[in-house]
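# Results of the structural survey
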4 protein chains.
Amino acid sequence: MDKKNTAVLLIHCPDRAGILAAVTEFINQHRGNILYLDQYVNREESVFFMRVEWDLEYFQIPKEKIEDYFQTLLALRYEMSFRLYFSDTKPRMALFVSKMSHCIYDLLARYASGEWNVEIPLIISNHPDMEPVAKRFGIEFRLFSITNENKAEQEAKEIELLKKYRITFCVLARYMQVLSPDFIKHYPDRIINIHHSFLPAFAGSKPYHAAYARGVKIIGATSHYVTGDLDAGPIIEQDVARISHKDSIDELIKKGRDLEKIVLSRAVEKHINRKILAYKNRTVVFQ
Amino acid sequence: MDKKNTAVLLIHCPDRAGILAAVTEFINQHRGNILYLDQYVNREESVFFMRVEWDLEYFQIPKEKIEDYFQTLLALRYEMSFRLYFSDTKPRMALFVSKMSHCIYDLLARYASGEWNVEIPLIISNHPDMEPVAKRFGIEFRLFSITNENKAEQEAKEIELLKKYRITFCVLARYMQVLSPDFIKHYPDRIINIHHSFLPAFAGSKPYHAAYARGVKIIGATSHYVTGDLDAGPIIEQDVARISHKDSIDELIKKGRDLEKIVLSRAVEKHINRKILAYKNRTVVFQ
Amino acid sequence: MDKKNTAVLLIHCPDRAGILAAVTEFINQHRGNILYLDQYVNREESVFFMRVEWDLEYFQIPKEKIEDYFQTLLALRYEMSFRLYFSDTKPRMALFVSKMSHCIYDLLARYASGEWNVEIPLIISNHPDMEPVAKRFGIEFRLFSITNENKAEQEAKEIELLKKYRITFCVLARYMQVLSPDFIKHYPDRIINIHHSFLPAFAGSKPYHAAYARGVKIIGATSHYVTGDLDAGPIIEQDVARISHKDSIDELIKKGRDLEKIVLSRAVEKHINRKILAYKNRTVVFQ
Amino acid sequence: MDKKNTAVLLIHCPDRAGILAAVTEFINQHRGNILYLDQYVNREESVFFMRVEWDLEYFQIPKEKIEDYFQTLLALRYEMSFRLYFSDTKPRMALFVSKMSHCIYDLLARYASGEWNVEIPLIISNHPDMEPVAKRFGIEFRLFSITNENKAEQEAKEIELLKKYRITFCVLARYMQVLSPDFIKHYPDRIINIHHSFLPAFAGSKPYHAAYARGVKIIGATSHYVTGDLDAGPIIEQDVARISHKDSIDELIKKGRDLEKIVLSRAVEKHINRKILAYKNRTVVFQ
């Protein structure tokens, strides 16, 4: 991809007149060139959301001081919550898989082709099946079998490994294990899951069987951040495919695979590009 | 539409070799010209489903005897359930409405343009709001206010009216009243409802509010046959529209209207053309 | 709809730092409350586009002076082209129809339900077929038969009538007559047409026949502003529907009708809400 | 996949009463168990099309004699063109690639996971870029640089290689070279291409640039059989994605990649499963 040297700010705060002008002024007057700007006001709750990305080439505030200046000059005044990212700091992703290959192939093909500004140093699995795929792409594969008895212990080891590899977010690519609330706390709004239904319909296990039994005419897939409530975290992306009475459960599973991999990859890409802001169990997805 | 003189058979029976050949032979040997044929075998349950439509022009069995002959020669032998329809017998539809006009306009515009082989002699409502629309199209409008107290009584009068008008099926075009199980029994698999969500997600009232609260990225609409279980009858047709975090509840309601009217009209058209076979809370929708 | 008293500005100009801050400041400092703001920079051509809508309730510049002030204080400095609209000035639409009713019904149903902030005082046609529909909705219907010989003369009369009715934009709802370049000059970027194909495929006449002959698997509809080049004006909205080899031309025509009416109505709504900016044969469609 | 031992018949012939009954009888009376049957009559041209798949386990005619018997007993009588396939004879596919990896990864991921009943023994390219990907999946990669001067010679070598590997069909996975009519003659209706536009719009080179210039609101991808006319062969599958004025050409290219790979893979799957019958530059795609 391009070698831009940019900064990204994700902001939310109580809505008030002048925020947009104040933020753009802050960037402009210090010679930052704004590349993308998207803002949105939730009128029901009176909350202002914004993503702005600007070129750092001629920006006069040194990178390491931007956060401090912004905090002092703007965030305090407008009661902002904000996050600051730099394009030259690549997010580091760990992939969690089980036995199915369609999502992992789709993610790794994009990674291998250099499509994404990300590092994927580590694949974790509770089954050995995907080890050959990991090898194909030259990525470290670590097996952690999980039972009711050893779960806490194994998760602790996983967390340790994630720290060691400086992982900034996790992607569950049809990982068929529920993570414990304790695990999730280490990566709030930083674990992306793909659920193979059009949530909130058919949460839980065997959604294609449930969809078949209910006789729906459209199936879906949903990517979301993982929270302590199963399949109930903030939704990032969804898509659907039309089916008919002729489709058996096996055919639903097959049609669903293409949905799952595309919907998961779209969510991962948006996360990598810092386009998602999770707020009160919903997501703002900037353009 | 065209003035074809055709017969339609909808069949289901235990799957067995030779059914398809037997049915097509029955039509061919009596000089019926098959226009459309669609069949489907549910392998899990071993059930055979079929819709066949043929031209009656040179068919040698008189119309009034077809049912009897088919019953004797084929249905008994193959344990078939079947329904026989003739294109020159138009279905007669009653429209149930409340306060919203988008679905009723869409249905009546198609009716008025002669797009459908149907009669719509009667509109029933629990509110007076749609009376001007009914008048615009010259259709009898009857008001039945419903309260908890008078519901049974009012429904009895409605049923009487439906009989008087020889209504063969009912369409609930955003009719905001739950029909009693007793009412429904008079029209099994012959009351079509539009629900303003992607069922089974967001059944019940205020689905757009629920969709907003859950933060979904796609909304939907579902047409289905009404059964005693609220929003749980056999699904006929569904469709969806993409939304974003920027859409307020009002915008969901507005985007949903176009979905609702199209999804309802598609279901009504399929019902009119005898393309739907409800079986065990699912529908087979023939082509 | 709501009775907001708002102003809308549509702006484009050469891209430069500080435009966004300058415009929002202009509104904020005079106590305008910004309701919606969407901006976009075309980097290839270095052009800045913006739509901003604000509440006039406490705005300190009188309505009749806003244009002048904005011109002097901002437009000159930034070389802006801009248009200013007020929500209490309803656009006035003339409907052009021929023989088909699906689009006209869809538009008039929305109009009659009060869904749109528009007046529709006039329907013009080259055939008498739609007169009953116009009457149903109580709208003036005027017939202008067009031949090669009388075209210039008839169009002149139409223009006169449009002026008399103070029409601000025209909608061709499957109007099967090509307007002359002379006519179009009176309403630049203010005549909306619906073409029954996925443009630029199948421009010109009989697109469903052409789509069938080519064996496409998806059909479409396209709404666009009318220019002197047939079916080549700026595209506003498109949508598609899946078809199969089983669909005859008649079935394509039928499936296409639902596409056409929805795609046309979406374009008209965006035009009414001043969300479209045509620029060099493309449209910027604000949110 | 399943290890079914089945036969597939693809048939087309002049439409006549009794064909369907005759074919199903032929299978039934020799104890073939019909698994899938789809038929379609093109009424305009009076042509009957059919695909039938049946279990060979108890079928009484030996595999090697089925073609002969069917020819004698049915095909002659009904003037049928037909093809007979057996599920235990895997089609053998050659992949043609250039520099882009998204389609090749998607195809090989499905192949490697055993999703398809196919062999892929050979990858041919006019550039060395994809060799590492071929190696990753352990597939023979052969480089044939093409210039205007050496084209005929190189293609002759390619054909020789395809024969040696007993290739039954070719897939052009964003292969950026036009095949000569001579090459195409060796594989009539057996070369599948993916074109990165919604054909017939934007045939030829740089379709995303053309789509951007025209200002369309939806982009597409089209898979088709290759014929002597560039981008004009029988269409197998198409799909589309919504875009906006905000999408630069680079973003169209990126969004298009996901379309291209899915649309190509769907076409390849249908070809592998013998579900496509090309007829007069259109395809019948059976279910």
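Only a predicted model underlies this, so the values are computations on that prediction, with no experimental measurement involved. (Residues numbered from 1 in each chain as written. Chains lettered and ligands numbered in written order. Predicted model: local features only at pLDDT ≥ 70, side-chain atom pairs only at ≥ 80, totals over all residues. Heavy atoms only, no water.)

Next up on the list: the domain arrangement of chain A. One frequently used descriptor of interface size is the decrease in accessible area upon assembly of the parts. Residues and elements named next belong to chain A. With domains assigned, chain A is organised as domain 1 (6-86) and domain 2 (92-285). The centre of domain 1, based on its C-alpha atoms, is set 31 Å off from the matching centre of domain 2. Of the roughly 960 Å² buried between domain 1 and domain 2 on both sides combined, carbon and sulfur atoms contribute 61%. The largest contributions to the domain 1 side of the interface with domain 2 come from Leu 10, Phe 49 and Arg 51, which together make up 39% of the buried area. (Domains from an automatic or database assignment. Buried area = accessible area lost by both parts, 1.4 Å probe.)

Bringing the interface of chain D and chain A into the picture now. At the interface, 18 residues of chain D touch 18 residues of chain A. Of the roughly 1700 Å² buried between chain D and chain A on both sides combined, carbon and sulfur atoms contribute 46%. Applying the counting rule to chain D against chain A returns 8 salt bridges. The partner of D:Arg257 in a salt bridge is A:Glu115, with the nearest N and O atoms 3.8 Å apart. Along the contact surface separating chain D from chain A lie 9 residue pairs in polar contact (both at pLDDT 80 or more). Those elements giving two or more residues to the side of chain D that touches chain A turn out to be α3 (102-112) and α8 (249-272) of chain D. For the side of chain D that touches chain A, the leading source of residues is α8(D), giving 6 residues. Of the residues contributing to the side of chain D that touches chain A, the split by class is 5 nonpolar, 3 polar and 10 charged. (Contact = heavy atoms within 4.5 Å. Salt bridge = Lys/Arg side-chain N within 4 Å of Asp/Glu carboxyl O. Polar contact = N/O pair within 3.5 Å; in protein donor to acceptor, adjacent residues only side chain to side chain. Helix = DSSP H or I, 4+ residues; strand = E, 2+ residues; numbered from the N terminus. Nonpolar A, V, L, I, M, F, W, Y, C, P; charged D, E, K, R; others polar.)

This part is about the interface of chain B and chain A. In this assembly, 37 residues from chain B lie in contact with 37 residues from chain A. Broken down residue by residue, the surface that chain B buries against chain A is led by B:Arg214, B:His245 and B:Arg282, which jointly contribute 23%. Inspection of the chain B/chain A interface yields 6 salt bridges. Notably, a salt bridge pairs A:Asp239 with B:Arg242, separated by 3.4 Å at the nearest N-O pair. Connecting chain B to chain A are 24 residue pairs in polar contact (both at pLDDT 80 or more). Mapped onto the side of chain B that touches chain A, the elements with two or more residues apiece are β2 (33-42), α7 (207-214), β11 (235-242) and β13 (282-285) of chain B. If one sorts the elements of the side of chain B that touches chain A by residue count, β11(B) sits on top with 7 residues. Among the residues forming the side of chain B that touches chain A, the class breakdown is 17 nonpolar, 9 polar and 11 charged.

All names here are of chain A. Ordered in space as β2-β3-β1-β4, the 4 strands form an open sheet in which the pairing is antiparallel. Across the chains shown, the open sheet's two edge strands, defined by having one partner strand only, are β2 (33-42) and β4 (81-86). Across the sheet, the axes of successive neighbouring strands diverge by a mean angle of 10°, strand direction being ignored. Across 9 bridges, β2 lies against strand β3 (residues 47-55) in antiparallel orientation. By the bridge assignment for β3, Leu 37 is matched with Val 52. (Pairing = 2+ DSSP bridges. Axes fitted to C-alpha atoms, helices over the stretch in contact; angles between N-to-C directions.)

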